[in-house]
Amino acid sequence: MSSQGKNFVIFGATGKQGSAAVQWLTKSGTDNIIYAITRDPSSAKAQSLATLPHVQVIQGDSSDPEKAFAQVNGTVDGVFFAPVGFDAKDQIKEGKQMIDLAGKSGVGYLVFSSTDFSGHREDVTGIEAIEAKKVIEDYLISSFVKYTILRPVGFLENLFFPGYADAIPHFWPRQLIKSGIASSDIGRAVSEVLLNPAYFEGKIIGLSGYEGSPQDWMHVWEKVTGEDLRKREKKMNSEMSEEKMKMLKFIMFNENDARVERTRAFFPWVMDLQTFLEDAKARKPM
Ligand SMILES: NC(=O)c1ccc[n+]([C@@H]2O[C@H](COP(=O)([O-])OP(=O)(O)OC[C@H]3O[C@@H](n4cnc5c(N)ncnc54)[C@H](OP(=O)(O)O)[C@@H]3O)[C@@H](O)[C@H]2O)c1
């Protein structure tokens, strides 16, 4: 089933999740228009989105959804947003504002990308970015807006950030199963939800494409790249802010709630680690 002639507004469109959502939506139906919101339409990423069929790049950001919606020609049928920045108060303010405006202006559907809570949805983690998402989720659930909440685990792309892959053999607890999801798969899920809102309405879906022990992760990494992660330097980024370090430790020492099997019940195509790494290698040799 696919929708036709709809207007979709994607916030954070040049980002990891947003750009993937835009790209998957362009493959949907010829009459759909995808409004890609960016603070800077002249950036290389925005310009690249503008070359895609049925995409209109619009200047704006999630702090002013009204301005973004005003530029849509007709009704807003579907919206995607995920909190950005590290200020929890701003995230909550923007999230609530988005939901209020969606309700007031008759936006058809909201897809909110939250996060996996690693067993701590019902208690307080002390990590602002995580607590902010709980507040936004609760606000959305108690609103009259039609919604789907996606809860992605850590992005597999994090492996390419300095220090992240090095941490696997040295810092990840051996007994914990850690999960990952490709941000392109999050975008694909967003696209499927926006195109089939009746099916996904009111669902809260954890997104995980791969799960394994640190040994499993190292084994797959070596299989695809030929590199033994244990030989990498043992380091943590000492320049990280206290809040980021707190978040990193939370992620590292808590097992995720999302399970690949449950994710695949909705999205059977999610990539596992090997597929993700092979895909990344084919595009850019590692
Ligand atoms: N990374 C992970 O492993 C992970 C896992 C689960 C959940 N999450 C959550 O995912 C969310 C981030 O999603 P993402 O990685 O897709 O976003 P992103 O790529 O970091 O950013 C999305 C876009 O938002 C705009 N932006 C960035 N900072 C901004 C700011 N301070 N104010 C306004 N606009 C800003 C930028 O676009 P323009 O410059 O073009 O405007 C950027 O391309 C966070 O809430 C994070 O907690 C992350």
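Anything mentioned here points back to the structure above.
Below or above, wherever it landed, is the structure these notes cover.

Definitions and cut-offs
Residues numbered from 1 in each chain as written. Predicted model: local features only at pLDDT ≥ 70, side-chain atom pairs only at ≥ 80, totals over all residues. Heavy atoms only, no water. Buried < 20%, exposed > 50% of the residue type's maximum accessible area, 1.4 Å probe, protein only. Helix = DSSP H or I, 4+ residues; strand = E, 2+ residues; numbered from the N terminus. Pairing = 2+ DSSP bridges. Right-handed = clockwise from strand over helix to strand, strands pointing away. 1 Å grid on protein atoms, 1.4 Å probe; cavity = no way out; pocket = protein on both sides within 12 Å on 5 of 7 lines; lining within 4 Å. Points joined across faces, edges and corners; volume = space filled by probe spheres on them. Nonpolar A, V, L, I, M, F, W, Y, C, P; charged D, E, K, R; others polar. Axes fitted to C-alpha atoms, helices over the stretch in contact; angles between N-to-C directions. Parallel < 35°, antiparallel > 145°, perpendicular 65-115°, else oblique. Left-handed = near helix turned anticlockwise from the far one by under 90°. Contact = heavy atoms within 4.5 Å. Salt bridge = Lys/Arg side-chain N within 4 Å of Asp/Glu carboxyl O.

**Considering the pairing of strand 1 (residues 7-10)**
Here strand 1 shows a buried face lined by N7 and V9 and a second buried face lined by F8 and I10. Sheet topology places strand 1 next to strand 2 (residues 33-38); 4 bridges connect them, and they run parallel. When the bridges of strand 2 are listed, V9 appears paired with Y35. What joins strand 1 to strand 2 is helix 1 (residues 16-26), and the crossover it makes is right-handed. Of the strand pairs in this sheet, strand 1 and strand 4 (residues 78-81) are connected by 3 bridges, and their pairing is parallel. Bridging across to strand 4, F8 finds its partner in G78.

**Digging into empty space enclosed by the protein**
Inspection of every chain in the model, using the stated rule, returns 2 cavities of 30 Å³ or more. Here the largest cavity defines a volume of roughly 50 Å³. Lining the largest cavity, in full, are S62, F81, A82, P83, V84, Q91, E94, G95 and I136. No other element matches the 3 residues that helix 4 (residues 88-105) contributes to the lining of the largest cavity. Split into classes, the residues belonging to the lining of the largest cavity amount to 5 nonpolar, 3 polar and 1 charged. Space inside the second largest cavity adds up to approximately 30 Å³. In terms of lining residues, the second largest cavity is bounded by F86, A129, E243, K244 and M247.

**Notes on the packing of helix 6 (residues 164-171) against helix 9 (residues 214-225)**
The geometry of helix 6 relative to helix 9 is characterised by a closest axis approach of 9 Å and an angle of 130° between their N-to-C directions. One element, helix 6, and the other, helix 9, form an angle in the oblique class. As helix 6 runs across helix 9, the sense of the crossing is left-handed. Residues A165, I168 and P169 of helix 6 form the contact with helix 9, whose own contacting residues are P214, W217, M218 and W221. The residue inventory of the contact of helix 6 with helix 9, partitioned by class, reads 7 nonpolar, no polar and no charged.

**So, the pairing of strand 2**
For a regular strand, side-chain orientation follows a simple rule: the groups alternate between the two sheet faces. Counting buried residues in strand 2 gives 5 out of 6 residues, a clear majority hidden from the surface. Two elements, strand 2 and strand 3 (residues 55-59), share 5 bridges in a ladder whose sense is parallel. For T38, the partnering residue across the bridge sits in strand 3 and is Q59.

**Regarding the sheet that holds strand 6 (residues 147-152)**
Read from one edge of the open sheet, 7 strands run 3-2-1-4-5-6-8, paired in parallel fashion. In this open sheet, the two edge strands, each paired with only one partner strand, are strand 3 and strand 8 (204-207). Neighbour-to-neighbour, the strand axes of this sheet turn through a mean angle of 20°, independent of strand direction. Of the strands in this sheet, strand 1, strand 2, strand 3, strand 4, strand 5 (110-113) and strand 6 touch helix 1, which is tilted by about 160° from strand 1.

**Overview of the pattern of salt bridges**
Note on pairing: side chains with opposite charge can pair once their charged atoms come close. Across all of its chains, the model carries 11 salt bridges by this definition. The partner of D138 in a salt bridge is R121, with the nearest N and O atoms 2.6 Å apart. Remark: R121 occurs in the loop between strand 5 and helix 5 (128-141) and D138 occurs in helix 5; sequence separation between them is 17 residues. In this structure D138 comes out as partly exposed when scored by relative accessible area, which is 40%. Since its relative accessible area comes to 16%, R121 is described here as buried. Close ionic contact of E211 with R259 constitutes a salt bridge, the shortest N to O distance being 3.7 Å. With a gap of 48 residues between them, E211 in strand 9 (residues 210-212) and R259 in the loop between helix 10 (242-253) and helix 11 (260-266) connect regions that are remote in the sequence. Since its relative accessible area comes to 22%, R259 is described here as partly exposed. Where salt bridges share partners, they join R121, E137, D138 and R151 into one cluster.

Just geometry here; none of it tells us what the structure is for.
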